[in-house]
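Read off the chains here:
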There are 2 protein chains.
Amino acid sequence: MSQPSAPRKTPGRPARISRQDIIETGRRIVTEEGVDRLTMRRLAKDIGSTPMALYHHVRDKEELLVLLLDDYAARTMRRPELPADPRERVVVAAAAIHGALADCPWIVEVLTADDLMSTSALWFVEQIVDGLVECGLTPEQAVHGYRAIWYYTAGEIVIRTAAARRRAADERPTYREQVFGELDPDEYPRLAQVADRWAPLTSQDTFLVQLRALVDGLLIPR
Amino acid sequence: MSQPSAPRKTPGRPARISRQDIIETGRRIVTEEGVDRLTMRRLAKDIGSTPMALYHHVRDKEELLVLLLDDYAARTMRRPELPADPRERVVVAAAAIHGALADCPWIVEVLTADDLMSTSALWFVEQIVDGLVECGLTPEQAVHGYRAIWYYTAGEIVIRTAAARRRAADERPTYREQVFGELDPDEYPRLAQVADRWAPLTSQDTFLVQLRALVDGLLIPR
DNA sequence: ACCTGAACACCGTTCAAGT
DNA sequence: ACCTGAACACCGTTCAAGT
């Protein structure tokens with residue numbers, strides 16, 4: 001990451017707050033109260049300073065969020081033992097990324113703001129691309145394969161997080177429930193057939209089996 | 001959709017603005033200036049009314065956005081000719097959903113707010129689930145398969161839209177470019193190998209071939 | 001029933017000035 | 001160099017009142 005406030009050699013006034021203070025206080029607010037409560041004003045208040053002081057250490061709020069994501073990843077993404085089989089290695093590395101994101105729902109705000117998660121996740125990306133190459137893909141195909149896995153993973157997190165947030169906030173029946181209640185079985189026979197099982201089915205966590213399907217599909221020679 | 005302002009039978013003051021006015025004005029603002037510019041205040045001003053008048057016709061801003069998505073889908077999602085082969089049918093239906101979303105980047109705001117796109121997209125979901133069943137999946141597997149396709153599709157849109165927004169707004173080199181510039185080839189040999197091709201590779205549109213891979217993977221008997 | 005005006009409780013960020 | 005105070009230009013939404 002860029003370091004606009006890397007420790008200068010003495011001249012000028014000593015800093016009262018540091019990037020590290022900002023990150024730590026930001027992390028506390030986000031984990032305890034959610035990313036919606038993280039505002040520059042609130043952060044400044046908690047840190048005992050003014051909103052504008054923050055702008056001396058971070059460019060803007062988006063940079064702050066990326067910093068917090070980096071901090072989160074560095075703090076939690078421990079490298080797991082990976083299986084020798086390259087296909088399994090791809091699956092386990094992708095599942096590890098997914099697991100880290102799933103424990104950190106506020107991440108969605110930043111996901112949509114940057115395409116590569118964090119330097120701390122780079123090792124996992126390496127494992128995925130390398131595993132795909134070892135399975136016989138060209139490096140180019142492997143990059144595209146990684147991208148498909150990343151889209152699937154990010155999409156799962158974004159959609160599931162949104163669904164959970166809605167459930168938490170809402171009393172009213174979801175749009176989905178309304179739609180499935182009034183489904184015309186002549187026009188939508190298959191959906192009508194599964195209508196009453198839709199909610200339990202889609203709340204099942206099948207991330208891993210579908211991830212395997214995707215990886216298997218990517219590895220079919222073509 | 002719920003219709004809190006369905007036409008009442010005469011009593012009371014005649015409405016000066018209608019749900020339809022709100023949707024049309026909202027659509028104009030969003031398509032001409034982007035979803036960020038759509039505020040209740042701005043919409044009220046354009047419609048020649050006050051912010052609070054809007055709250056008589058929509059519950060809140062989120063409902064307004066869902067209404068706009070519905071309107072967009074009903075207006076643009078024409079049912080295409082579908083191939084007879086069920087596997088191809090799944091691919092074409094999913095690609096049609098993707099194409100509609102890709103032409104409408106502001107959708108991301110609403111995607112994260114509701115899990116099922118719109119009643120207008122229901123026919124496409126039916127085709128996907130039905131195609132998967134015809135290929136031999138159980139209805140339950142087909143629903144999970146649809147979900148995986150939806151995650152992949154939504155993830156692609158979310159990430160690509162975010163990347164485009166960043167490119168449009170930013171001069172500074174992306175985080176990604178910085179990371180790939182300083183990549184340690186000993187620690188990340190595979191990424192170092194593709195580092196200089198990463199940007200062109202990941203800007204290629206491979207949605208369709210990866211979608212096929214996913215569908216093929218979902219259809220492998222297991 | 002439908003709409004208005006004023007207010008509440010906020011935002012991110014810029015600017016000019018202070019130490 | 002680092003921080004402050006005041007201000008700019010906004011938000012979504014509630015409330016009480018008007019017609």
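Residues numbered from 1 in each chain as written. Chains lettered and ligands numbered in written order. Predicted model: local features only at pLDDT ≥ 70, side-chain atom pairs only at ≥ 80, totals over all residues. Heavy atoms only, no water.

**Quick look at the overall build of chain A**
Scanning chain A from N- to C-terminus turns up 12 helices and 0 strands. Mapped from its N terminus to its C terminus, chain A presents α and β elements in the order α-α-α-α-α-α-α-α-α-α-α-α. Put simply, chain A shows about 10,900 Å² of open surface, and 51% of that area lies on carbon and sulfur atoms. (Helix = DSSP H or I, 4+ residues; strand = E, 2+ residues; numbered from the N terminus. Areas by Shrake-Rupley, 256 points an atom, 1.4 Å probe, with all protein chains shown as cover.)

**Notes on the relation of the copies chain B and chain A**
Of the transformation placing chain B onto chain A, the axial shift is 0.0 Å and the rotation is 180°, giving an RMSD of 0.0 Å. In symmetry terms, the pair is related by a two-fold rotation axis. The fraction of interface residues of chain B whose copies in chain A are also interface residues reaches 100%, indicating that both copies meet through the same surface. (Least-squares fit on C-alpha atoms with pLDDT ≥ 70 in both. Contact = heavy atoms within 4.5 Å.)

**Digging into the UniProt feature "DNA-binding region" (unreviewed entry) in chain A**
This chain's UniProt record puts "DNA-binding region" (unreviewed entry) on residues 39–58 of chain A. With 60% helix and 0% strand, residues 39–58 of chain A has its two end C-alpha atoms placed 13 Å apart. (UniProt positions renumbered as here; feature names shortened; annotations may be inferred.)

**Quick notes on the side chain of His57(A)**
Examined against the element boundaries, His57(A) turns out to sit in the loop between helix H3 (51–54) and helix H4 (61–76). Within the structure, His57(A) has its side chain in polar contact with the backbone oxygen of Ala53(A) (distance 3.3 Å). (Polar contact = N/O pair within 3.5 Å; in protein donor to acceptor, adjacent residues only side chain to side chain.)

**Thoughts on the interface of chain B and chain A**
With 71 residues of chain B in contact, the opposing surface of chain A contributes 71 residues. Summed over both partners, the interface of chain B with chain A comes to about 6,600 Å²; 63% of that surface belongs to carbon and sulfur atoms. Remark: the boundary between chain B and chain A carries 8 salt bridges. In this structure, Arg222(B) engages Asp216(A) in a salt bridge whose closest nitrogen and oxygen atoms are separated by 3.3 Å. Here chain B and chain A share 22 residue pairs in polar contact (both at pLDDT 80 or more) between them. Contributions of two or more residues to the side of chain B that touches chain A are made by helix H4 (61–76), helix H7 (122–134), helix H8 (139–169), helix H9 (175–181), helix H10 (189–194), helix H11 (198–203) and helix H12 (207–219) of chain B. Among the elements that make up the side of chain B that touches chain A, the one with the highest residue count is H8(B) (19 residues). (Buried area = accessible area lost by both parts, 1.4 Å probe. Salt bridge = Lys/Arg side-chain N within 4 Å of Asp/Glu carboxyl O.)

**So, the UniProt feature "domain: HTH tetR-type" (unreviewed entry) in chain A**
UniProt's entry tags residues 16–76 of chain A with the feature "domain: HTH tetR-type" (unreviewed entry), counted in the numbering of this structure. Between the end C-alpha atoms of residues 16–76 of chain A there is a gap of 28 Å, over a span that is 70% helix and 0% strand.

**Thoughts on the environment of His144(A)**
Locating His144(A) in the fold gives a position in helix H8 (residues 139–169). Judged by relative accessible area, which is 10%, His144(A) ranks as buried. Beyond its immediate sequence surroundings of up to four residues, His144(A) is in contact with Leu201(B), Gln204(B), Thr206(B) and Gln210(B). (Buried < 20%, exposed > 50% of the residue type's maximum accessible area, 1.4 Å probe, protein only.)

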